[in-house]
Amino acid sequence: MKTQADISRKKLSHTKAGGPSAPAGPILRDAAWWAEKKWFEENRSLDSLSLFAKYFQRLG
Amino acid sequence: MAHPVEPAVFLREFVISLFESRLLNGAISVDTYHNRVAAIRKDSNFESLSWRLFKDAPEPVQVDGYGLLRIVELREPDGSSFPFLQGLTQAEPPAQKRWTCFVGHRFLPNVERSLRFNLVHLLSPYGIDLRWSGYDLSARDVFAEIIRGIESSDLCIFDNLGTLNRPNVYVEIGIAHALGKPMLVCEYMGRRKVPDTGSIPSDLQGLFRIQYWSYQELCRQPYFNLPLFLDRHKLR
């Protein structure tokens with residue numbers, strides 16, 4: 001049976017390239033990218049508003 | 001502050017757009033994104049916080065101890081305004097931690113008034129001061145001044161709105177590229193509205209490029225990518 005995540009994944013794979021939501025270019029997976037990915041994993045228990053605020057707090 | 005948007009709808013859409021941008025750059029998974037979206041739609045805190053944010057704007061509102069958020073009004077090139085959700089640091093960075101960003105764009109009053117105003121709001125709270133270009137490159141000393149401005153900056157932002165027959169901004173992108181400056185290149189895609197806009201040369205399309213249809217969109221993408229961009233170029 002398909003899960004909601006499977007359906008969503010399929011929908012995303014059919015998104016046309018070049019639209020406003022399409023990635024603008026190749027993903028550069030450098031140390032900064034891995035650090036950001038790790039930051040999101042470490043803070044996954046926060047609710048979205050707190051995570052949003054904390055994300056920009058990082059710049060200080 | 002009166003706005004033609006429903007506060008909770010605006011707040012939810014704005015926060016979801018941060019997660020969408022992180023989904024597209026690969027920092028979060030598809031499952032995580034959809035879990036976030038579902039939780040945001042059910043979270044009643046968005047109702048109460050959104051009304052406070054709009055009622056108190058532009059005063060900041062504390063979110064749980066994780067930081068301050070506020071709503072500011074930014075500007076489209078046509079002079080209209082749009083709300084923007086800004087996350088703030090507790091205090092401005094000290095003077096020794098400040099960076100300079102060179103901004104290259106078409107020298108038009110409506111672009112100046114809106115783009116500069118928007119970028120100051122987005123970048124200055126995080127210790128990034130702006131330096132402008134925008135003069136006629138035919139004056140030799142002005143050209144030298146632009147080169148000095150790019151050379152002495154830590155990063156650059158270029159916007160190609162209205163540059164079809166005024167390719168100065170592409171010359172500036174080339175200078176910044178030759179000098180190895182980190183840069184964000186913003187490409188206006190809504191040509192029906194502003195026919196006087198060219199496109200980024202194909203040789204430059206590997207740069208950190210943001211395609212946009214409105215300044216509302218232009219403001220979000222650099223803002224959401226700012227922490228990653230600054231880390232990537234060791235600017236904090």
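Data block above holds the structure.
Fair warning: this is a prediction, and the values are worked out from it, not measured in the lab.

The rules behind the values
- Residues numbered from 1 in each chain as written.
- Chains lettered and ligands numbered in written order.
- Predicted model: local features only at pLDDT ≥ 70, side-chain atom pairs only at ≥ 80, totals over all residues.
- Helix = DSSP H or I, 4+ residues; strand = E, 2+ residues; numbered from the N terminus.
- Buried ≥ 20, exposed ≤ 12 C-beta atoms within 10 Å, placed from the backbone.
- Contact = placed C-beta atoms within 7 Å.
- Pairing = 2+ DSSP bridges.
- Axes fitted to C-alpha atoms, helices over the stretch in contact; angles between N-to-C directions.
- Parallel < 35°, antiparallel > 145°, perpendicular 65-115°, else oblique.
- Nonpolar A, V, L, I, M, F, W, Y, C, P; charged D, E, K, R; others polar.
- Expected span 1.5 Å × (residues − 1).
- Arc of directions from axis to C-beta.
- Left-handed = near helix turned anticlockwise from the far one by under 90°.

**Q** Any chance you could break down the overall build of chain B for me, citing the residues and the numbers?
**A** Summing up its helical and strand segments, chain B has 7 helices and 8 strands in all. Counting over 236 residues, chain B shows a buried share of 36%. For chain B, contacts bridging at least 24 residues in sequence account for 65% of all contacts bridging at least 6.

**Q** Go over the pairing of strand E7 (residues 183–188) of chain B with me, naming the residues and quoting the values.
**A** Residue and element names in this part refer to chain B. For E7, the buried fraction is high: 6 of the 6 residues fall into the buried class. The alternating pattern of E7 places Met-183, Val-185 and Glu-187 on one face and Leu-184, Cys-186 and Tyr-188 on the opposite face, and all of these are buried. Bridge count for strand E6 (residues 155–159) against E7 is 4 bridges, and the pairing is parallel. Across the sheet, the residue bridging to Asp-159 is Cys-186, located in E7.

**Q** Which residues make up the packing of helix H1 (residues 7–24) of chain B against helix H2 (residues 30–42) of chain B, and what values do they have?
**A** Residue and element names in this part refer to chain B. The interhelical angle for the contact between H1 and H2, taken along N-to-C directions, is 175°, at an axis separation of 10 Å. Judged by the inter-axis angle, H1 sits roughly antiparallel to H2. Each of Arg-12, Val-15, Ile-16, Phe-19, Glu-20 and Leu-23 in H1 lies in contact with H2, whose residues at this interface are Val-30, Tyr-33, Arg-36, Val-37, Ile-40 and Arg-41. Residue composition of the contact of H1 with H2, by class: 8 nonpolar, no polar and 4 charged.

**Q** Can you tell me about helix H3 (residues 45–56) of chain B, naming the residues and giving the values?
**A** The terminal C-alpha atoms of H3(B) lie 16 Å apart, and with 12 residues this matches the ideal 16 Å at 1.5 Å per residue to within 8%. Buried residues of H3(B): B:Phe46, B:Leu49, B:Ser50, B:Leu53 and B:Phe54, and no others. Projected onto a plane normal to the axis of H3(B), the buried residues spread over an arc of 130° and lie on a single side. In H3(B), the exposed positions angled more than 90 degrees off the buried face are occupied by B:Glu47, B:Ser48 and B:Lys55. On the buried face of H3(B), the contacting elements are helix H3 (48–57) of chain A together with H1, H2, strand E1 (61–63) and strand E2 (67–75) of chain B.

**Q** Explain the sheet that holds E1(B) to me, using residue names and the numbers behind them.
**A** Residue and element names in this part refer to chain B. Within the open sheet, the 3 strands sit side by side as E1-E2-E3. Their pairing is antiparallel. Two strands in the sheet have a free side with no partner beyond their single neighbour: E1 and strand E3 (81–88). Across this sheet, the average inter-strand angle for adjacent strands is 35°, counted without regard to direction. Relative to E3, E2 is paired through 8 bridges, and the arrangement is antiparallel. Within E3, the residue paired with Arg-75 across the bridge is Ser-81.

**Q** Mind laying out H1(B), listing which residues take part and the relevant values?
**A** End to end, H1(B) covers 26 Å across 18 residues, agreeing with the expected 26 Å (1.5 Å per residue, within 8%). For H1(B), the full list of buried residues reads B:Pro7, B:Phe10, B:Leu11, B:Arg12, B:Val15, B:Leu18, B:Phe19, B:Arg22 and B:Leu23. The inward-facing, buried residues of H1(B) abut helix H2 (31–42) and H3 of chain A together with H2, H3, E3 and helix H7 (215–232) of chain B. Two residues or fewer past H1(B), B:Gly26 is found with a positive phi of approximately 90°.

**Q** So what about the packing of helix H4 (residues 109–123) of chain B against H7(B)? Which residues, and what values?
**A** Residues and elements named next belong to chain B. At their nearest, the axes of H4 and H7 sit 11 Å apart, and the two run at 30° to each other. Taken together, the axis directions place H4 and H7 in an arrangement best described as roughly parallel. In this structure, H4 meets H7 at a crossing whose hand is right-handed. For the pair formed by H4 and H7, the contact residues are Ser-114, Asn-118 and Leu-122 on the first element and Tyr-215, Cys-219, Pro-222 and Tyr-223 on the second. Considering only residue class, the contact of H4 with H7 consists of 5 nonpolar, 2 polar and no charged.

**Q** Got a sec to walk through the pairing of E6(B)? Specific residues and values, please.
**A** Residues and elements named next belong to chain B. With 4 of 5 residues buried, E6 lies mostly within the body of the structure. Pairing between strand E4 (residues 99–104) and E6: 4 bridges, direction parallel. Within E6, the residue paired with Cys-101 across the bridge is Leu-155.

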